[in-house]
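One letter stands for each residue in the lines below.
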Amino acid sequence: MRYLLLPISGIYYVIIFIRNKLFDWQFIRSKKISKSIGIGNLSMGGTGKSPLSIYLSEFLIQNNTTPALLSRGYGRESRGFIEVKENASIQSVGDEPLMFKQRFEERALVFVCEDRVFGSEKIRNDHRECTIIYDDVFQHRKITPTLSILTTPFDDLFTEDKILPIGRLREPIKNAKRADIIMVTKSPEKPTQIKLLEIQNQLSRFGKPVFFSSISYGKMVPFDKKIKTIKNILLVTGIANPEHLVNHLKNNFLVHSISFRDHHVFTRTDLNKIHEKFDTFDLEESIILTTEKDKVRLSKFKTLISEGDYPWYYQPMNIRIREESDFQSLIKKHVRGI
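The rules behind the values
Residues numbered from 1 in each chain as written. Predicted model: local features only at pLDDT ≥ 70, side-chain atom pairs only at ≥ 80, totals over all residues. Heavy atoms only, no water. Helix = DSSP H or I, 4+ residues; strand = E, 2+ residues; numbered from the N terminus. Rg over C-alpha atoms; globule rule 2.2 N^0.38 Å. Buried < 20%, exposed > 50% of the residue type's maximum accessible area, 1.4 Å probe, protein only. Contact = heavy atoms within 4.5 Å. Areas by Shrake-Rupley, 256 points an atom, 1.4 Å probe, with all protein chains shown as cover. Lys, Arg positive; Asp, Glu negative; His and termini not counted. Charge placed at Lys NZ, Arg CZ, Asp CG, Glu CD. Pairing = 2+ DSSP bridges. Right-handed = clockwise from strand over helix to strand, strands pointing away. Salt bridge = Lys/Arg side-chain N within 4 Å of Asp/Glu carboxyl O.

Assigned secondary structure in the protein consists of 11 helices and 14 strands. Its C-alpha atoms give the protein a radius of gyration of 21 Å, within 12% of the compact-globule value 20 Å for 338 residues. Seen along its three principal axes, the alpha-carbon backbone of the protein occupies a region of about 65 × 50 × 40 Å. Counting over 338 residues, the protein shows a buried share of 51%. Taking the intrachain contacts of the protein between residues at least 6 apart in sequence as the baseline, contacts between residues at least 24 apart amount to 78%. As displayed, the protein offers around 17100 Å² of accessible surface, 51% of which is attributable to carbon and sulfur atoms. Side chains of the protein give 52 positive and 40 negative charges; the mean places of these two sets differ by 6 Å.

A separate point is the pairing of strand E7 (residues 181-185). Here E7 lies mainly inside the structure; 5 of its 5 residues are buried. Burial along E7 is two-sided: Ile 181, Met 183 and Thr 185 and Ile 182 and Val 184, pointing in opposite directions, are all buried. Examined bridge by bridge, strand E6 (residues 143-153) and E7 share 5 bridges and lie parallel to one another. Paired with Thr 152 across the two strands is Val 184, which belongs to E7. Where E7 lies against strand E8 (residues 210-217), 3 bridges are found, and the strand directions are parallel. Looking across to E8, one finds that Ile 182 is bridged to Val 210. The handedness of the E7 to E8 crossover, carried by helix H6 (residues 193-203), is right-handed.

Taken as a whole, this structure holds 20 salt bridges when the rule is applied. The partner of Lys 195 in a salt bridge is Glu 198, with the nearest N and O atoms 3.5 Å apart. Here Lys 195 pairs with Glu 198, and both are found in helix H6, just 3 residues apart, close to one helical turn. In this structure, Asp 294 engages Arg 297 in a salt bridge whose closest nitrogen and oxygen atoms are separated by 2.3 Å. Residue Asp 294 and its partner Arg 297 are both found in helix H9 (residues 292-298); the two are separated by 3 residues, about one turn of the helix. With respect to burial, Asp 294 and Arg 297 carry one shared label: buried. The network of salt bridges with common partners includes Arg 76, Arg 79 and Glu 114.

Take a look at the structure:
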């Protein structure tokens, strides 16, 4: 089957090659954005961009700088430039921008705009001192951020993948050289030195600093109803890859999972099925757990969840970075004013 896709992959490669060359040779102009950090990847699917955006936002806040997150707002039904408020709807701004705003509240600015150049100029005109963070912007070459970070998962490196549609790469491996930093995400908390060196050597060909980050889970937070002792978890997710979270929870709990596609829009029917499944559990020591991003999508059912007296919780997530001081020094070096 893969051989049948080779001609399509070849055509896709040529199109991407020509497009990038037009930017490289400046036939298509790219606008440089001061005090900005771009996060992206080469492959399709979840590579840990959102947790890195959260980490960088916290870092900027700690250094007395206001982060301004700019996203296109995947899945939103609106168009144009919108500043995200805490009470916004997913339909108008998308799930991830709303998650960012609800987590940081007034400490960070969050915007959506499908035109990144226009959005960047509007933010810079209205908020001159902020540092702009772009989510999923590596292929959006009409802007050039001050610092570009390329993410790739520890167990699924882009160097081991193929270009679409044979593999999941959006563009050729060699284009990783456009990044300033390569961040290996979803690393084990205690990786072997041999594996770290192996990955370092594999990525060294691009001549960029390589860092490793691992996921750190915070204390589960209840929507409303609290449970004293938790033994059983019904995990409900609508994200690209919940496997890491499942494995983390299995260390301490008996876990059952219901998985939906990434960015799933939950319905009342979905909620009824979830509750029906949960009703088969030992209710005294059981909870329904979801991710922080899914919690935003489920918020429209807050009254229904409360009236049903179901113990819904969500799982906050952060990251830890190996050699963190070196990484933060690079951020400060590239993005002046931090």
